[in-house]
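Coordinates in review
Each chain, letter by letter, is given below.
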Amino acid sequence: MSDETTATPTDGLWSRLRLIEGQPLADRADAYSTLHDELFRRLESGTKLDARDKMPSGDR
C-alpha cells in the first residue's frame, strides 16, 4: 500500500511525524513527548481530528 492510498490527517500530523523522524534520537524523544501532550489535550477537550472520527452518541 502506498502513501497516496492511505488516509492522511488533514491537520499536518503526517508531515509533522515525518519531520520528527528526521531528527536525532534525543530530539525525537522530546518532539514525540510534546506531540503526545498536544494530542492528549486535544482528545481531552473533545476536539476531533476530522469528521471521520465522529461516533454516534450511543457507541461510547
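Quick caveat, the model's predicted, so the values are computed rather than measured.

Brief notes about the overall build of the protein
Assigned secondary structure in the protein consists of two helices and zero strands. Taking all 60 residues of the protein together, 8% fall into the buried category. Accessible area of the protein: about 5,100 Å², with a carbon and sulfur share of 55%.

Considering the packing of helix 1 (residues 13–21) against helix 2 (residues 25–45)
Where helix 1 meets helix 2, the axes come as close as 9 Å, and the angle between the chain directions of the two elements is 155°. Of the possible angle classes, the one that applies to helix 1 and helix 2 is roughly antiparallel. Contact residues: helix 1 offers L13, R16, L17, I20 and E21, while helix 2 offers R28, A31, Y32, T34, L35 and E38. Across the contact of helix 1 with helix 2, the residue classes tally to six nonpolar, one polar and four charged.

Focus on the pattern of salt bridges
A full pass over the atoms with the stated rule returns two salt bridges. A salt bridge links E38 to R16; the shortest N-O distance between them is 2.7 Å. Pair noted here: E38 is in helix 2 and R16 is in helix 1, with a separation of 22 residues, a long-range link. Residue classification places E38 among the partly exposed residues on the basis of a relative accessible area of 30%. Taking relative accessible area as the criterion, R16 reaches 31% and is therefore assigned partly exposed. Between E21 and R28 there is a salt bridge, with the nearest N and O atoms lying 3.9 Å from each other. For E21, a relative accessible area of 44% gives the class partly exposed. Note on R28: relative accessible area 23%, which makes it partly exposed.

Digging into the environment of H36
Tracing the backbone shows H36 in helix 2. Given the relative accessible area of 51%, H36 is considered exposed. Within polar-contact distance, the side chain of H36 engages the side chain of D37 at 3.4 Å.

Reading the values: the criteria
- Residues numbered from 1 in each chain as written.
- Predicted model: local features only at pLDDT ≥ 70, side-chain atom pairs only at ≥ 80, totals over all residues.
- Heavy atoms only, no water.
- Helix = DSSP H or I, 4+ residues; strand = E, 2+ residues; numbered from the N terminus.
- Buried < 20%, exposed > 50% of the residue type's maximum accessible area, 1.4 Å probe, protein only.
- Areas by Shrake-Rupley, 256 points an atom, 1.4 Å probe, with all protein chains shown as cover.
- Axes fitted to C-alpha atoms, helices over the stretch in contact; angles between N-to-C directions.
- Parallel < 35°, antiparallel > 145°, perpendicular 65-115°, else oblique.
- Contact = heavy atoms within 4.5 Å.
- Nonpolar A, V, L, I, M, F, W, Y, C, P; charged D, E, K, R; others polar.
- Salt bridge = Lys/Arg side-chain N within 4 Å of Asp/Glu carboxyl O.
- Polar contact = N/O pair within 3.5 Å; in protein donor to acceptor, adjacent residues only side chain to side chain.

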